[in-house]
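The primary structure of each chain is shown beneath.
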Amino acid sequence: MASTQKKTTPCCIPKAHPSSSSQVLRLAVASGYDPSEDTVPKRAPMATLIRPVEPITDPPATKTSATTKGISIMTRAQTSHPLDPLSAAEISVAVATVRSAGATPEVRDSMRFIEVVLVEPEKQVIAMADAYFFPPFQPSLLPRTKVGPVIPTKLPPRQARLVSYNKRSNETSVWIVELSQVHAATRGGHHRGKVISSKVFPDVQPPMDAMEYAECEAIVKDFPPFREAMKKRGIEDMDLVMVDPWCVGYHSDADAPSRRLAKPLIFCRTESDCPIENGYARPVEGIHVLVDMQNMVVIEFEDRKLVPLPPADPLRNYTPGETRGGVDRSDVKPLQIIQPEGPSFRVSGNFVEWQKWNFRVGFTPREGLVIYSVAYVDGSRGRRPIAHRLSFVEMVVPYGDPNDPHYRKNAFDAGEDGLGKNAHSLKKGCDCLGYIKYFDAHFTNFTGGVETIENCVCLHEEDHGILWKHQDWRTGLAEVRRSRRLTVSFICTVANYEYGFFWHFYQDGKIEAEVKLTGILSLGALQPGEIRKYGTTIAPGLYAPVHQHFFVARMDMAVDCKPGEAFNQVVEVNLKVEEPGKSNVHNNAFYAEEEILRSELQAMRDCDPLSARHWIVRNTRNVNRTGQLTGFKLVPGSNCLPLAGSEAKFLRRAAFLKHNLWVTPYSRDEMYPGGEFPNQNPRVGEGLATWVKQNQSLEEADIVLWYVFGVTHVPRLEDWPIMPVERIGFMLMPHGFFNCSPAVDVPPSAADLELKDDIATKPVQNGIIAKL
């Protein structure tokens, strides 16, 4: 993942040619300057707009190393942190290495590439990198020995993991490639990758690719029986037709992974000269199409029922008002978001520091945004880890209409398509304001080429209302602080829906995970006079089925744990009402009851808002100043469980939806709750539901939380033609982690000083926002 910089505001401020670097900064932040333009020298923005952290500057390869607390730091052997996403050059080398390993020209020609991702190294390797090679330069992350620290001279070579699909044999393979001297590829030299391992996975289908979708649409629209069926519906212009290929899921042996299959949904636009017309407003029903995606041929076709196309809805489009014979709102005055002194965050490569928080930004084609090595610099206690890895690993969208084709709509948008691969370039419209730091994302396309999504991940600060306030009624004196949060996000489009994924970091120590849902409803057509109870009629001949959206957040926790330590446990907290009696004579008593979740099967839990249920990840060996174990708690937001019956076919592949919380000990191979290949997966309960049958102990472990959260959508007329954003998510909140509120500036207490950790790091400057 490369990084880029951009500053945006919603207003238009005239540009000028500044004469000094300070003027460059002031003008760039105020006006939304893009450093790719020629009005300012290109080197200035890198030096002034993203302020580097002093210890972060890379030492020149020819010079001797710096020191930290008297310990020599060797000149690093590589410029990429072990957790940095693969660069475009590394992806090219990995693809070329695997392709050249093909036994015959036919094998090499038939190779298609689903994804190429970084092999994330063992946590000890990351600790080594963060101790001596990269920020936060924290030697105490490594275990101490009697003979003193062992200082490495270099890090292990980076590795790539490739999922390839052979169009000739219908086989899926996974390759591990060691990357060495990758820079040779960028100079036109030979690739220097080495195949470490390769394995064919039988009876699986990897995710679909955008190139396959485009080819599928073309062959369906060229299929003579399909053209005849559309002609019956009054459509002869195939440029109006939209074919959205959907994975078939698994409903019977006919969907077995021995064939690579898709069942498209058909829509039809009204106007051919309007490229952004809402084509989803006219679903075509009654046509059954099954496509062999391996050979790109239609293998089943049936025009089962002639359902009239819905009439053109005059409210179907969402483009600017003047394009639809109306006007846009003109009574909203400009709101300018400017940061004249630049941002409060600091960035070096993918390492971010802000308000005592620090973490690394990553990205994968499947998950999209990944947050690594989350920690908080807590005064004299130094840098305290909270989580090793945070990401959204799966989402499932089941529909509640039993009619064809809607009963088959249960998309696994991460495992069947890829959230990262469908991410937006925010150059085409960004929802963020103020000073923005962007990160690019690189991934492979189906044929092995490298594609880049520019400005894919957005990092920026937001004002968030009041942080805290109190007024003394006796003196009339008041103290108040504004809240600011740091937001890291990306947005993707999967067919008709948009999903925004956000991680918010707050000044009071909270982390919020949020998903924003918007886009266009997936609709069905009705016969004249027909009404269906499984959805909402939103226009003549048009209805929106009820459905649910589920998301799975995987959180590899590390509360006060250095890499390699396994000192966490999970406690469930429920509020209980005290029974009437001597201890509750006023019948007003209630209390919080805690229970340790000691094993994987015991930790299959559901939300319970009536008891304010939440879960705390505690360090079993670290205490705060009152002697309580330090921890972070998971606080659910609004949530739901699947409304489908227990024998619903999609639950064979999505057994993980049956509970809101799962807890497992960390395992490198356990990444995706429905298994790595959910597409056409015939195996029941693969993934989480199978892993927890081992019932491993959780009493003191390297804890991974799997939190499943969702929303049930009963469509409204107000969701048409485009759905306003709906927000769902959860909080990770400190619970006894700090000795007092981190939102208040206080001097270190005596108890805090006694707990001082010998950590070699430069604390982030204390930065609580000043009083209003």
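Residues numbered from 1 in each chain as written. Predicted model: local features only at pLDDT ≥ 70, side-chain atom pairs only at ≥ 80, totals over all residues. Heavy atoms only, no water.

**Examining the overall build of the protein chain**
A count of helical and extended segments in the protein chain gives twelve helices and 35 strands. Evaluated residue by residue, the protein chain yields a buried proportion of 55% over its 772 residues. Of all intrachain contacts in the protein chain linking residues separated by at least 6 positions in sequence, the fraction that spans at least 24 positions is 68%. Just so you have it, the protein chain exposes about 33,900 Å², and 53% of that area is on carbon and sulfur atoms. (Helix = DSSP H or I, 4+ residues; strand = E, 2+ residues; numbered from the N terminus. Buried < 20%, exposed > 50% of the residue type's maximum accessible area, 1.4 Å probe, protein only. Contact = heavy atoms within 4.5 Å. Areas by Shrake-Rupley, 256 points an atom, 1.4 Å probe, with all protein chains shown as cover.)

**Details of the sheet that holds strand 12 (residues 287-292)**
Reading across from one edge, 9-12-13 is the order of the three strands in this open sheet, with antiparallel pairing throughout. Each of the sheet's edge strands pairs with one partner strand only, and the pair in question is strand 9 (261-262) and strand 13 (297-303). Sheet analysis places strand 9 next to strand 12, joined by two bridges and oriented antiparallel. Across the sheet, leucine 261 pairs through a bridge with aspartate 292, a residue of strand 12. (Pairing = 2+ DSSP bridges.)

**Side note on the packing of aromatic side chains**
Tallied over the full model, the rule gives 26 aromatic pairs. Judged by centre distance (5.1 Å) and plane angle (90°), the rings of tryptophan 357 and tyrosine 376 are edge-to-face. Of the two residues, tryptophan 357 sits in strand 16 (residues 357-364) while tyrosine 376 sits in strand 17 (residues 368-377), which places them 19 residues apart along the sequence. When sorted by exposure, tryptophan 357 lands in the same class as tyrosine 376, which is buried. An angle of 70° between the planes, with centres 5.5 Å apart, marks the rings of phenylalanine 709 and phenylalanine 730 as edge-to-face. Pair noted here: phenylalanine 709 is in strand 34 (residues 703-713) and phenylalanine 730 is in strand 35 (residues 723-734), with a separation of 21 residues, a long-range link. A network of ring pairs unites the aromatic residues Phe363, Phe392, Phe490, Tyr497, Tyr499, Phe501, Trp503, Phe551, Tyr707, Phe709 and Phe730 as a single cluster. (Phe/Tyr/Trp six-rings, centres within 6.5 Å; stacked < 30°, edge-to-face > 60°.)

**Details of unusual backbone geometry**
Aspartate 404 connects to proline 405 through a cis peptide bond whose omega is 5°. Looking at where proline 405 falls in the secondary structure, it is placed in the loop between strand 18 (383-398) and strand 19 (410-412). Along the chain, tryptophan 720 connects to proline 721 via a cis peptide bond; the corresponding omega equals 5°. Note that proline 721 resides in the loop between strand 34 and strand 35.

**Thoughts on the layout of surface pockets**
Within this model, the largest pocket holds a volume of roughly 1,200 Å³. Lining of the largest pocket is provided by 50 residues; of these, Tyr280, Thr493, Val494, Ala495 and Asn496 occupy positions nearest its centre. Those elements giving two or more residues to the lining of the largest pocket turn out to be helix 7 (210-221), strand 8 (241-244), strand 19, helix 9 (413-417), strand 22 (478-494), strand 23 (497-506) and strand 24 (511-519). By residue class, the composition of the lining of the largest pocket is 25 nonpolar, 13 polar and twelve charged. Of the volumes computed, that of the second largest pocket is approximately 950 Å³. Of all the elements in the fold, those that place two or more residues in the lining of the second largest pocket are strand 4 (111-118), strand 5 (159-166), strand 6 (171-179), strand 7 (193-201), strand 18 and strand 28 (547-557). The element best represented in the lining of the second largest pocket is strand 7, accounting for four residues. The residue inventory of the lining of the second largest pocket, partitioned by class, reads 15 nonpolar, seven polar and 13 charged. (1 Å grid on protein atoms, 1.4 Å probe; cavity = no way out; pocket = protein on both sides within 12 Å on 5 of 7 lines; lining within 4 Å. Points joined across faces, edges and corners; volume = space filled by probe spheres on them. Nonpolar A, V, L, I, M, F, W, Y, C, P; charged D, E, K, R; others polar.)

**A short note on empty space enclosed by the protein**
Across all of its chains, the model carries six cavities of 30 Å³ or more by this definition. Taken as a whole, the largest cavity spans an internal volume of roughly 240 Å³. Lining the largest cavity are 24 residues, with Pro385, His388, Ala558, Cys561 and Pro563 positioned closest to its centre. Elements that contribute at least two residues to the lining of the largest cavity include exactly helix 5 (123-133), strand 17 and strand 18. Partitioning the lining of the largest cavity into residue classes produces 14 nonpolar, four polar and six charged. Here the second largest cavity is characterised by a volume of approximately 180 Å³. Pro85, Leu86, Phe363, Thr364 and Pro365 are the residues nearest the centre of the second largest cavity, which is lined by 19 residues in total.

**Side note on the pattern of salt bridges**
Inspection of the entire model under this criterion finds 39 salt bridges. Taking the shortest distance from any N to any O, the salt bridge between arginine 605 and glutamate 572 comes out at 2.6 Å. Of this pair, arginine 605 sits in the loop between strand 30 (590-596) and strand 31 (614-623) while glutamate 572 sits in strand 29 (residues 568-577), and the two are 33 residues apart along the sequence. We classify arginine 605 as partly exposed; its relative accessible area is 22%. A salt bridge links arginine 716 to aspartate 719; the nearest nitrogen and oxygen atoms lie 2.9 Å apart. Taken together, the shared-partner salt bridges connect Glu572, Arg605, Asp608 and Arg613 into one network. (Salt bridge = Lys/Arg side-chain N within 4 Å of Asp/Glu carboxyl O.)

**Comments concerning the confidence of the model for the protein chain**
Any region with low pLDDT has predicted coordinates that should not be read closely. On average, residues of the protein chain score 86 in pLDDT, and 84% of them are at 70 or above. Within the model, the stretch residues 183-189 combines pLDDT values under 50 with four contacts to residues more than four positions away or in other chains. Long-range and interchain partners of residues 753-772, a stretch whose pLDDT sits below 50, account for 55 contacts in this model, where long-range means more than four residues apart. (pLDDT = per-residue confidence, 0-100.)

**Brief notes about the side chain of arginine 481**
Its location among the elements puts arginine 481 in strand 22. Note on arginine 481: relative accessible area 15%, which makes it buried. Engagement of the side chain of arginine 481 in a polar contact is seen with the side chain of glutamate 479, the distance being 2.8 Å. (Polar contact = N/O pair within 3.5 Å; in protein donor to acceptor, adjacent residues only side chain to side chain.)

**Structural notes on the sheet that holds strand 26 (residues 535-539)**
One open sheet accounts for three strands, arranged 25-27-26; its pairing is antiparallel. Two strands close off the open sheet at either side, each with one partner strand: strand 25 (524-525) and strand 26.

**Focus: helix 7**
Over its twelve residues, helix 7 extends 17 Å from the first C-alpha to the last, a length consistent with the 16 Å expected when each residue adds 1.5 Å. The complete set of buried residues in helix 7 reads Glu212, Tyr213, Cys216, Val220 and Lys221. All buried residues of helix 7 project into a common sector of 160° when viewed along the axis, lining one side. In this structure, the buried side of helix 7 is in contact with helix 8 (224-232), strand 8, strand 12, strand 13 and helix 9. A distance of 2.8 Å separates the backbone nitrogen of methionine 211 from a side-chain oxygen at the start of helix 7, and that oxygen is part of aspartate 209. (Expected span 1.5 Å × (residues − 1). Arc of directions from axis to C-beta.)

**Here we look at the pairing of strand 33 (residues 661-665)**
Taken across its five residues, strand 33 has five buried, putting it largely inside the fold. Burial along strand 33 is two-sided: the residues Leu661, Val663 and Pro665 and Trp662 and Thr664 are all buried. Pairing of strand 33 with strand 34, which is carried by five bridges, proceeds in the antiparallel orientation. Note on strand 34: the bridge partner recorded for valine 663 is leucine 705.

**Section: the environment of aspartate 244**
Along the chain, aspartate 244 turns up in strand 8. Each C-alpha atom, one on aspartate 244 and one on alanine 495, is 7.2 Å from the other, the two residues being 251 residues apart in sequence. Ignoring any residue separated from it by four or fewer positions in sequence, one finds aspartate 244 in contact with Lys263, Pro264, Leu265, Phe267, Tyr280 and Ala495.

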